[in-house]
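Here is what each chain is made of, one letter per residue.
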Amino acid sequence: MSDKTMTADEVVSRLRSGMTLGIGGWGSRRKPMALVRALLRSEITDLTIVSYGGPDVGMLAAAGRIRKLVAAFVTLDSIPLEPHYRAARQSGAFELTEVDEAMFMWGLHAAANRLPFMPVRAGIGSDVMRVNPGLRTVTSPYEDPSTGIRETFVAMPALRMDAALVHVNRADRSGNGQYLGPDPYFDDLFCEAADDAYVSCERLVDRFDDAVPQTLLVNRHSVTGVVETPSGAHPTSCVPDHDRDEPFQGLYATTPWPEFTERFLHGDEKAYQSAAQAWHEERR
Amino acid sequence: MTDATRPSPLPPTGAPLPDTRTPPLLPPTRAEYCVIACAEAWRDNGEVLASPMGAVPSVGARLARRTFAPELLLTDGEAMLVGPDGTPEGWLPYRRHLTMVTGGRRHVMMGASQIDRFGNQNISCIGDWERPARQLLGVRGAPVNTLNNPVSYWVPKHSTRVFVEKVDMISGVGYDSAAAAGPTATRFHRIPRVVSNLGVFDFATPDHSMRLASLHPGVTVEEVLAATGFEPTVPDEVPYTREPTPAELELIREVIDPQGLRDREVPG
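Predicted model, so just to flag it, every value in this text is computed and none were measured. (Residues numbered from 1 in each chain as written. Chains lettered and ligands numbered in written order. Predicted model: local features only at pLDDT ≥ 70, side-chain atom pairs only at ≥ 80, totals over all residues.)

**Some details on the overall build of chain A**
- The helix and strand inventory of chain A stands at 10 helices and 12 strands.
- Its C-alpha atoms give chain A a radius of gyration of 19 Å, within 12% of the compact-globule value 19 Å for 284 residues.
- Structurally, chain A occupies a C-alpha span of about 65 × 50 × 35 Å along its principal axes.
- Burial statistics for chain A: of 284 residues in total, 50% are counted as buried. (Helix = DSSP H or I, 4+ residues; strand = E, 2+ residues; numbered from the N terminus. Rg over C-alpha atoms; globule rule 2.2 N^0.38 Å. Buried ≥ 20, exposed ≤ 12 C-beta atoms within 10 Å, placed from the backbone.)

This is the structure in structure tokens:
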């Protein structure tokens, strides 16, 4: 079995400016933040980001790395509005493809299943159609048995990605990933919808003895690289390993980006984790 | 602003029922009338998921579940379906939640940063979408919600900034927009009610424009009209939102929301 372990910087060395990157998790939950931080340490820019957005989008937006965003929302959950995302949008910093949460999911399904689109009863009637003039509709070839009508749906295009970044609780060296929290979000789909997928994990394991079968979310055939990054989702939640770091997220949301970068992001991941810990100790 | 689409965390509701020898109850607060108005949205809905966004709708849904609508399903705000005492009874991660939406077995009460006379709702942004004056949450699930399962709205602070002639970015589809989009959009589209801190509104008019359905006690028609950026239909006689029963008040105050989260959303 091939050993796919690598460092976060090795993951980033395989990415290029201009790529389309999917980022797993949801809002401020189980985001591959250590990989995002590695991306921020690089010069990679001009990215198309596909995400159920949280601080991943906020940080990349603040750093000016996004050319285009595909999203239904960007939120920090406990802080509803992501401040850096707001600022970027309000200054017209990048292009946005704003779709609905379900449209987004069906776009991932289409990409994972090598289909050009999936029909979805969402979007029509809303301004999602106005702000996405490229969205097409498709009429069912079948008459509805109860209405006799051939309904017309939005044809949500496949959200195919060059690479996906996801974070799980456990992974093995060959790329199998296990989530231990309440919700898988769409991380398996992100991996299947991307040409390459990089899985960071709280802890590498040799085997999944006694695993609850349904927790083995990400299968190795869809994974290119595995990175062990303890607290790698920080400050987002990664239960049961760690909750969201609410005080730190509050700090992130209220600190000007250059100041935040200077204090927390000028070094490597270890330096980040130490700086975050030092900040907590200062508060005591 | 409040998070328009996430349930508010409420404490576990497994506390013992209150001592019935307590002194006479204080009269209902405005927040408690709002709770009743929200709870009533889920009456006779059957075995569907009640998805409340915001503190008052969350208290309302739990009240309905504990009293007149025991068949309702509720989540813990994450991925579990839970009974009234918080005990898990099912699993509902986002991927299944979205199927519950498109399957129609759900009645959501969303927030609204803007809402117009036909029930078009906006939680995406204020101003020009290309470069908004204020970026809000994004459309989230409002487009799929409104075309697939009943969607009610909760507005804790009724004002002309929220109740507008025209919303800046249609996130939740209103009756006129659904009609213009055709049968795929209208087939399962329904906006049962809009609850605000002033009253309850519905769309029971010939053209499905907004109608004042009830006033919370203490509110006048004039107050509602002054705080609304369009003219809703006002019937000759407007009823008041119904009174909570003493048992409902005790449940709200002692069991479901002892911390008073409802009062923070609708101050007395």
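**Looking at the overall build of chain B**
- For chain B, the count of helices and strands is nine helices and 13 strands.
- For chain B, the C-alpha radius of gyration of 18 Å lies close to 18 Å, the compact-globule estimate for 268 residues.
- Overall size of chain B, expressed as C-alpha extent along the three principal axes, is 55 × 45 × 35 Å.
- Counting only contacts in chain B whose residues sit at least 6 apart along the sequence, the fraction spanning at least 24 positions is 69%. (Contact = placed C-beta atoms within 7 Å.)

**Points about the sheet that holds strand β11 (residues 194-196) of chain B**
Residue and element names in this part refer to chain B.
- Spatially, the six strands line up as an open sheet ordered β1-β5-β10-β11-β12-β13, and their pairing is mixed. The open sheet has two edge strands, β1 (49-52) and β13 (211-215), and neither has a second partner. Pairwise comparison of adjacent strand axes, ignoring direction, gives a mean angle of 20° for this sheet.
- Summarising the sheet, strand β5 (residues 106-111) and strand β10 (residues 151-155) pair through four bridges and their orientation is parallel. In the sheet register, M110 faces β10, and the bridge partner there is Y153. (Pairing = 2+ DSSP bridges. Axes fitted to C-alpha atoms, helices over the stretch in contact; angles between N-to-C directions.)

**A look at the sheet that holds strand β7 (residues 152-157) of chain A**
Residues and elements named next belong to chain A.
- Pairing within the open sheet is antiparallel, and its three strands lie in the order β5-β7-β6. In the strand order of this sheet, the two ends are held by β5 (117-120) and β6 (136-139), each with one partner. The sheet shows a mean angle of 45° between the axes of neighbouring strands, direction not considered.
- In the sheet, β6 pairs with β7 via four bridges, with the strands oriented antiparallel. Bridging across to β7, V138 finds its partner in F153.

**Considerations on helix α3 (residues 55-62) of chain A**
All names here are of chain A.
- Among the eight residues in α3, eight count as buried, and that is most of the element.
- Along α3, the residues classified as buried are P55, D56, V57, G58, M59, L60, A61 and A62.
- Downstream of α3 by a residue or two, G64 has a phi angle that is positive, lying close to 70°.

**A short note on the interface of chain A and chain B**
- Between chain A and chain B, the contact holds 37 residues from the first and 39 residues from the second.
- Elements that contribute at least two residues to the side of chain A that touches chain B include exactly α4 (83-90), α5 (101-112), α6 (128-131) and β7 of chain A.
- For the side of chain A that touches chain B, the element with the highest residue contribution is α4 of chain A, accounting for four residues.
- Split by residue class, the side of chain A that touches chain B holds 20 nonpolar, seven polar and 10 charged. (Nonpolar A, V, L, I, M, F, W, Y, C, P; charged D, E, K, R; others polar.)

**Some points on unusual backbone geometry**
- Residues H234 of chain A and P235 of chain A are joined by a peptide bond in cis, for which omega reads 10°.
- You can see P235 of chain A is positioned in the loop between β12 (225-228) and α8 (246-254).
- For the bond from V239 of chain A to P240 of chain A, the omega torsion is 0°, close enough to zero to count as cis.
- Tracing the backbone through its elements, the reader meets P240 of chain A in the loop between β12 and α8.
- Look at D46 of chain A: it is not a glycine, yet its phi comes out positive at around 65°.
- By the secondary structure assignment, D46 of chain A is in the loop between α2 (33-41) and β2 (47-51).
- Overall, D46 of chain A belongs to the partly exposed group, with 14 C-beta atoms counted inside 10 Å.
- Phi at R140 of chain B takes a positive value of approximately 50°, unusual for a residue other than glycine.

**So, the domain arrangement of chain A**
- On domain assignment, one finds that chain A holds domain 1 (8-99 + 159-283) and domain 2 (121-155).
- Computed from C-alpha atoms alone, the centre-to-centre distance between domain 1 of chain A and domain 2 of chain A is 33 Å. (Domains from an automatic or database assignment.)

**Regarding the pairing of strand β10 (residues 194-204) of chain A**
All names here are of chain A.
- Summarising the sheet, strand β8 (residues 161-171) and β10 pair through nine bridges and their orientation is parallel. Paired with L165 across the two strands is Y198, which belongs to β10.
- Two elements, β10 and β12, share four bridges in a ladder whose sense is parallel. Its bridge partner being in β12, C201 is matched across the sheet by E228.

**Let's talk about the confidence of the model for chain A**
- On average, residues of chain A carry a pLDDT of 98, and 100% of them reach 70 or more.
- Confidence scores differ between elements of chain A, with helix α10 (residues 269-283) of chain A showing the lowest mean pLDDT of 97 and strand β1 (residues 20-23) of chain A the highest of 99. (pLDDT = per-residue confidence, 0-100.)

**Section: the environment of A64 of chain B**
Residue and element names in this part refer to chain B.
- Looking at the element boundaries, A64 is found in helix α2 (residues 55-66).
- Look at A64 and you get buried, because 25 C-beta atoms sit within 10 Å.
- For the pair A64 and E40, spaced 24 residues apart in sequence, the C-alpha to C-alpha distance is 7.2 Å.
- Not counting residues up to four positions away in its chain, the partners in contact with A64 are A39, W42, R43, A50, A69 and L72.

**Looking at the packing of α3 of chain A against α4 of chain A**
Residue and element names in this part refer to chain A.
- Where α3 meets α4, the closest approach of the two axes is 7 Å, and the angle between their N-to-C directions is 50°. The angle between the axes of α3 and α4 places the two elements in the oblique class. Crossing geometry of α3 relative to α4 is assigned as left-handed. Mapping the contact onto sequence places V57, G58, M59, A61 and A62 in α3 and H84, Y85 and A88 in α4.
- Counted by class, the contact of α3 with α4 contains six nonpolar, two polar and no charged residues. (Parallel < 35°, antiparallel > 145°, perpendicular 65-115°, else oblique. Left-handed = near helix turned anticlockwise from the far one by under 90°.)

**Thoughts on the packing of α5 of chain A against helix α3 (residues 94-103) of chain B**
- One can describe the packing of α5 of chain A onto α3 of chain B by two numbers: an axis separation of 11 Å at closest approach and a directional angle of 115°. Crossing handedness for the pair α5 of chain A and α3 of chain B: left-handed. Judged by residue contacts, E101, A102 and M105 of chain A of α5 of chain A engage R95, L98, V101 and T102 of chain B from α3 of chain B.
- Residues belonging to the contact of α5 of chain A with α3 of chain B are distributed by class as follows: four nonpolar, one polar and two charged.

**Brief notes about the environment of H221 of chain A**
- Its location among the elements puts H221 of chain A in the loop between β11 (216-218) and β12.
- With 10 C-beta atoms packed within 10 Å, H221 of chain A lands in the exposed category.

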